[in-house]
Amino acid sequence: MNPFITRRTFVGAMVSSAYLITSRPVEATAALTTPDFVDQDKRRILDYVFALIDHSFDKTVGVVTPVLSHRFSGDEFKMVWVAFLKDRKVIACKGRTVASPGTGGAFLAALKTATTRSLQDNRFIDEIGKKDVGDLELVVHINRDIVPLRKTDLSYLKKKIEPGVHAFKLELDGKHAWYLENVPITANWGLETSLKKLSKKAGLPSDAYKDPRTKISMSEMLTFKGKRTGVSHDLYRYSILVSDEDMSNELIHRRLALARDWFLNNVDPKTKRINYLYYPVTNKYSKDTNEVRNLAVLYILPELNDFLGDDSLGGLIRGTTDHYMTKIKQTGDYSYLDLNGDAKIPYNAFMILSLIRQPDYPGALETAGRLADGIVSLQRPDGSYVTSFDGKVSGIDYYPGEAMLSLMRLFDVTGDTRLAESVAQAFPYYRDYWRRNKNTAFIPWHTQTYFLLARHKKDAELESFVYEMNDWLINTYQIFRDAYPDKIGGFKKENPGNSTASYMEGINDAYRTARLFENKRHSRKYRNSIENGMRFVLQTQFTPENAFWVKNPKRAVGGFRASLRKVDLRNDYTQHATSALIKAYRNDIF
C-alpha cells in the first residue's frame, strides 16, 4: 500500500455517481460500460412515479411518460423496485423485472408496474389510500445484475455479499424472497441474521440458506430517493456519500453543530446526563453504562462548547461536573474518583481534562491538581503507572496514555514541571511495552501525549516514536483503495468503523509533531491520512438528509455510528469523532 495516495484518487473515481466504482460480484462477467442516470433523469423518474400514484386516485391527473437522456445498453438493468416511505416507515415496496432487451421503454414499463404493485402492497398497512401518499418519500432501487452464487456456506457468502451494498435473493423448493440492500442497515442486522430472516420471509425454515439445494443470488444496486419537489439523493449503503470535494472547514463546523445537538437531544431526563447507548432502529436506550466513556464525553463537551462559541452545552456540562465532583475522595496527599467502589486512573484523567476547560468552575484547577497528584502517586520506579487506586492493573493499552495526556494538558495550563517530568519518566517504559505488544488502541493516546511533551522537550526520540507508531498504524490498517467508496479512509480494513475517529485524534497530533520538527515527508503523509480519514468519519454521521428512515431523527441526527454496517450510537463514538473533527479544523487540513 502506498500511504501517499492522494485524495484525488478518491475524487477521480467518484465522477458523477459513486455507483460506477461499486464492487461487482466475482461471478459477474460484464463490466459497467455506461454511466448512471444523471440527476435530471432521476428527477424525471421520481416525477413519473408520483404522477402514476396521483393518477391512481384521480384519473383527471395526467401522466406523461418521460424522455430519459440515459443511453440504455441492452440488459444493464435487471429489475426496478419502488418503495414508499411515510413518516420514516416503509409502507410499500414492490419490484418488477425489466424486459429484455433493456430499452428505455422496457425500463419505464417495469417502473410503472412496480409502482402499481406497490400501491397494492398490503404487507405494511392494510390499504394505501389517498391520505397516505401526499407526503411520501420515494426510494427507487435498481438491480444492475442478478448473479447466482456457487455456495451457501456462511464464510463464502460473507466474502461475496457486502451488507448495505448488495441485494440478495434466496430460492428453494419453489419459494423465494428478496432483501434489498437497505434491509441489513435499517434493521441493524449482520449477514447471518439477514439470511435467517430472509429464509423465513420465503416461508422456509430459518436455516434454509444453508441447504446445498438453496440458490442464493446477489445483485449490485443503484438507489436514489426524493420527495415530490427538490433534488434527488443517491443512496449508498442507504446513506449519502460524502465526497472529497465536499470536505471543508465549513462542513466540519456544520457537522460539529449537529454533534452538539445530538448530545443535547440524548440527555436522560432523570439523571440529567447523556445516555450511554442509543439504538436508532428501536428508538430505545441501553440500560448498560461505562463510566470511563461517560467521563470521556464530559471531557469533550467544554471543548465543543468553546469551539462553537456559545454556551448551549453549559448547563449539561455544569450539571454533569457537579455529579462527578460528589464522587471525589480526598486523602492527605491527593484526590481520586470513586465510582461505586471502582477507582481507575482514567476517571481522574478525564475529570482533569474536563476541569481545565472549565476555568470558571469553582476550584477547577485546584481539584485538577489534586487528581493529577493521585495519578503521579501511582507511578512505579520503572516509570509505569498502576492503573487503579486499589492496586489492580488493567487497561494498559488505554489507561496510562489517557492519564499521561491529562498530566501534559494540566502542565500546559499550570506549568507544574512535576507533571511533565512524570510523563518523561514513563516514556521509555511504554515505548518498550508497545514495541513488544504492538496494538492500535495504544497509539492515539500516546501520540497526543508525546506531541505535548515534545513541544516542551524537543527530543528526537519522542519524534521518532510518534512516527514509528503512526506509520505502522496507517500502513497496516488504513484503507486507501477499495471497491466500496464509503470505506476509503477508514480503519480497519474488513469492517472500518468508529475506531477511525480515535486514530484520527492521534494522527492529527502526529501531523503537528511532524510540523513541529519540520519533517515534510511525514507532514505530507499524515495530512493525506487525515484528509481521507476525516471524510470517512463524516460518512458515519447521521444527518437530516440520511436519517430519513430512522424512527426518531431527533435522537439520531448528529450522532456517529458504530460502523458503516452498524447504526448503534454510543456516546463515546460521537465524543471521539468530535475531538478528531476539532483537531482537523484547527490543523487547517481542508
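Relevant structure appears above.
Residues numbered from 1 in each chain as written. Predicted model: local features only at pLDDT ≥ 70, side-chain atom pairs only at ≥ 80, totals over all residues. Heavy atoms only, no water.

1. As for the packing of aromatic side chains
Put simply, the rule reads: A pair of aromatic rings is counted whenever rings of Phe, Tyr or Trp (Trp by its six-membered ring) have centres within 6.5 Å, and the orientation is called stacked for planes under 30 degrees apart, edge-to-face for over 60 and tilted otherwise. A run of H or I in DSSP counts as a helix once it spans at least four residues, and a run of E counts as a strand once it spans at least two, with each numbered from the N terminus. Categorising residues by exposure relies on relative accessible area from a 1.4 Å probe, with only protein chains included: less than 20% of the type maximum marks a residue as buried, more than 50% marks it as exposed, and the intermediate range marks it as partly exposed. Comment: the charge-over-ring label is applied if NZ (Lys) or CZ (Arg) is within 6 Å of the ring centre and within 35 degrees of the ring normal.
Enumeration over the complete set of coordinates arrives at 30 aromatic pairs. On the basis of an interplanar angle of 75° and a centroid distance of 6.1 Å, the ring pair of Trp81 and Trp178 is categorised as edge-to-face. Here Trp81 is found in strand 1 (residues 79-86), whereas its partner Trp178 is found in strand 6 (residues 175-179), with 97 residues between them in sequence. With a relative accessible area of 11%, Trp81 lands in the buried category. On the basis of an interplanar angle of 10° and a centroid distance of 6.4 Å, the ring pair of Tyr385 and Tyr430 is categorised as stacked. With Tyr385 in the loop between helix 11 (364-377) and helix 12 (399-414) and Tyr430 in helix 13 (residues 417-436), this pair connects stretches of sequence that are 45 residues apart. Neither residue differs from the other here; Tyr385 and Tyr430 are each classed as buried. Ring-pair connections join several aromatic residues into one group, and the members of that group are Phe427, Trp434, Tyr450, Phe465, Trp472 and Tyr477. It is Arg237 that lies over the ring of Tyr484; its NZ or CZ is 5.9 Å from the centre.

2. What about the pairing of strand 1?
What counts is decided by this rule: Pairs of strands are assigned from DSSP output, requiring at least two bridges between the strands.
Of all eight residues in strand 1, eight are buried; the element is thus mostly enclosed. Residue alternation in strand 1 divides its side chains into two sets, Met79, Trp81, Ala83 and Leu85 and Val80, Val82, Phe84 and Lys86, and both sets are buried. Sheet topology places strand 1 next to strand 3 (residues 137-143); seven bridges connect them, and they run antiparallel. Bridged to Met79 within strand 3 is Asn143. Bridge analysis of strand 1 against strand 2 (residues 89-97) gives eight bridges, and the strand direction is antiparallel. In the sheet register, Val80 faces strand 2, and the bridge partner there is Arg96. A loop of two residues connects strand 1 with strand 2, the two strands running antiparallel in sequence, and Asp87 in this loop sits at a positive phi of about 50°.

3. Side note on the sheet that holds strand 9 (residues 277-279)
If you walk across this open sheet you meet the three strands as 10-9-13, and the pairing is antiparallel. Each end of this open sheet is capped by a strand with a single partner; those strands are strand 10 (284-285) and strand 13 (569-570). Where strand 9 lies against strand 10, two bridges are found, and the strand directions are antiparallel. Residue pairing for strand 10: Tyr279 is matched across the bridge by Lys284.

4. A word on the pattern of salt bridges
Rules: Salt bridge, as used here, is a side-chain nitrogen of Lys or Arg placed within 4 Å of a carboxyl oxygen of Asp or Glu.
For the structure shown, the criterion picks out 38 salt bridges. Residues Asp572 and Arg293 are paired through a salt bridge, measuring 3.6 Å at the closest nitrogen-oxygen approach. Residue Asp572 is found in helix 19 (residues 571-586), and its partner Arg293 is found in helix 8 (residues 291-308); the two are separated by 279 residues along the sequence. The partner of Glu303 in a salt bridge is Arg357, and the shortest N-O contact between them spans 2.9 Å. A residue pair is termed long-range when its members are at least 10 positions apart, and Glu303 in helix 8 and Arg357 in the loop between helix 10 (345-355) and helix 11 qualify at 54 residues. One network of salt bridges, with partners in common, ties together Glu162, Arg237, Asp486, Lys487 and Arg565.

5. Topic: unusual backbone geometry
In this structure, the amide linkage connecting Ser100 to the following residue, Pro101, adopts the cis form with an omega of 0°. A positive phi is found at Asn340, a non-glycine position, where the angle reads about 55°.

6. Description of the packing of helix 2 (residues 39-57) against helix 3 (residues 104-119)
Our working definition: Note on geometry: axes are C-alpha line fits, over the in-contact stretch for helices, and angles between N-to-C directions span 0 to 180 degrees. Any angle from 65 to 115 degrees is called roughly perpendicular, while one under 35 is roughly parallel, one over 145 is roughly antiparallel, and all others are oblique. Crossing handedness follows the turn of the near helix against the far one: under a right angle anticlockwise gives a left-handed crossing, and clockwise gives a right-handed one. Any two residues whose heavy atoms approach within 4.5 Å are treated as being in contact. Any residue outside Ala, Val, Leu, Ile, Met, Phe, Trp, Tyr, Cys, Pro, Asp, Glu, Lys and Arg is labelled polar, Gly included; the first ten of those are nonpolar and the last four are charged.
Between helix 2 and helix 3, the shortest axis-to-axis distance is 10 Å and the interhelical angle comes to 45°. On the basis of their axis angle, the class for helix 2 and helix 3 is oblique. Read as a crossing pair, helix 2 and helix 3 show a hand that is right-handed. Taking contact as the criterion, the partners of Ile45, Tyr48, Val49, Leu52, Ile53, Ser56 and Phe57 in helix 2 are, on helix 3, Phe107, Leu108, Leu111, Lys112, Thr115 and Leu119. Taken together, the residues of the contact of helix 2 with helix 3 break down into 10 nonpolar, two polar and one charged.

7. Remarks on the environment of Ala92
Looking at the secondary structure, you find Ala92 in strand 2. What makes Ala92 buried here is its relative accessible area of 0%. For the pair Ala92 and Asp288, spaced 196 residues apart in sequence, the C-alpha to C-alpha distance is 35 Å. When sequence neighbours within four positions are dropped, the list of residues in contact with Ala92 reads Val82, Ala83, Phe84, Ser118, Asp121, Phe124 and Ile128.

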